[in-house]
There are 2 protein chains.
Amino acid sequence: MTQSTYVVTGMTCGHCVASVKEEVGELPGVRGVDVDLISGRVLVTSEGVLALEQVEGAVQVAGYQLVR
Amino acid sequence: MTQSTYVVTGMTCGHCVASVKEEVGELPGVRGVDVDLISGRVLVTSEGVLALEQVEGAVQVAGYQLVR
């Protein structure tokens, strides 16, 4: 398993957290997504390494921005 | 049709607005719910007059507070 941390901006409440978890969680190989609303940190556990663009795309689908 | 305006606190994003609209919209007689996120104002259009407690209850189910 691989763990990677990203920072996402724009989340303001638990609904936002749930949206990010849902979209990132649907990426192939993802086994877990933990989100801290206050810091914007998103910890993704996956089989193998994800491309940053994949994670960024999922975050954008949810309606937020990934900080590169 | 009757129109009443309420003030709801705690909404921070579009998901919050959607939750309030959904719960208040399910009250008997309600025909429309407009929510302004910034001001917290909720305009309810209904057949007949709603009890304040009904609207407050729906807002609480959504996870927010109605200002009395």
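Residues numbered from 1 in each chain as written. Chains lettered and ligands numbered in written order. Predicted model: local features only at pLDDT ≥ 70, side-chain atom pairs only at ≥ 80, totals over all residues. Heavy atoms only, no water.

(A) Quick peek at the interface of chain A and chain B. The interface of chain A with chain B comprises six residues on the first partner and six residues on the second. When the buried area of chain A at its contact with chain B is split by residue, T12, C13 and H15 of chain A rank highest and sum to 77% of it. Taken together, the links from chain A to chain B amount to five residue pairs in polar contact (both at pLDDT 80 or more). Broken down by class, the residue content of the side of chain A that touches chain B amounts to three nonpolar, three polar and no charged. (Contact = heavy atoms within 4.5 Å. Buried area = accessible area lost by both parts, 1.4 Å probe. Polar contact = N/O pair within 3.5 Å; in protein donor to acceptor, adjacent residues only side chain to side chain. Nonpolar A, V, L, I, M, F, W, Y, C, P; charged D, E, K, R; others polar.)

(B) Just the sheet that holds strand β1 (residues 2-9) of chain B, in detail. Residue and element names in this part refer to chain B. Pairing within the open sheet is antiparallel, and its four strands lie in the order β2-β3-β1-β4. At either margin of the open sheet sits one strand with a lone partner, and together these are β2 (30-35) and β4 (65-67). Averaged over neighbouring strand pairs, the angle between their axes works out to 35° when direction is ignored. Looking at chain direction, β1 and β4 are connected through three bridges and run antiparallel. Residue pairing in the sheet places T9 in a bridge with Q65 of β4. Along the sheet, helix α1 (residues 14-25) contacts β2 and β3 (41-46); its crossing angle with β2, the most-contacted strand, is approximately 160°. Relative to β4, helix α2 (residues 52-62) is tilted by about 145°, and along the sheet it contacts β1 and β4. (Pairing = 2+ DSSP bridges. Helix = DSSP H or I, 4+ residues; strand = E, 2+ residues; numbered from the N terminus. Axes fitted to C-alpha atoms, helices over the stretch in contact; angles between N-to-C directions.)

(C) Highlighting the side chain of S46 of chain B. Residue and element names in this part refer to chain B. Counting through the fold element by element, S46 comes out in strand β3. Judged by relative accessible area, which is 3%, S46 ranks as buried. A distance of 2.8 Å separates a polar atom in the side chain of S46 from the backbone oxygen of G48. Beyond its immediate stretch of four places on either side in the chain, S46 contacts M1, T2, G29, V30 and R31. (Buried < 20%, exposed > 50% of the residue type's maximum accessible area, 1.4 Å probe, protein only.)

(D) Here's a closer look at the sheet that holds strand β4 (residues 65-67) of chain A. Residues and elements named next belong to chain A. The antiparallel open sheet is built from four strands, whose spatial order is β2-β3-β1-β4. Every other strand in the sheet has two partners, leaving β2 (30-35) and β4 as the edge strands with one partner each. Each neighbouring strand pair of the sheet contributes to a mean axis angle of 35°, computed without reference to strand direction. Relative to strand β3 (residues 41-46), strand β1 (residues 2-9) runs antiparallel, the two being bridged by six bridges. Its bridge partner being in β3, S4 is matched across the sheet by V44. Set on the sheet, helix α1 (residues 14-25) makes contact with β2 and β3; between it and β2 the angle comes to about 160°. Helix-sheet contacts for helix α2 (residues 52-62) involve β1 and β4, and the interaxial angle to β4 is about 145°.

(E) Summary view of the UniProt feature "domain: HMA" (unreviewed entry) in chain A. According to UniProt, the "domain: HMA" (unreviewed entry) feature falls on residues 2-67 of chain A. Here residues 2-67 of chain A runs as 35% helix and 35% strand, with 20 Å between its end C-alpha atoms. (UniProt positions renumbered as here; feature names shortened; annotations may be inferred.)

(F) Inspection of the relation of the copies chain A and chain B at higher detail. Note on the copies: chain A fits chain B at an RMSD of 0.0 Å, the axial shift is 0.0 Å, and the rotation between them is 179°. Considering both components of the superposition, the chain copies are consistent with a two-fold axis. (Least-squares fit on C-alpha atoms with pLDDT ≥ 70 in both.)

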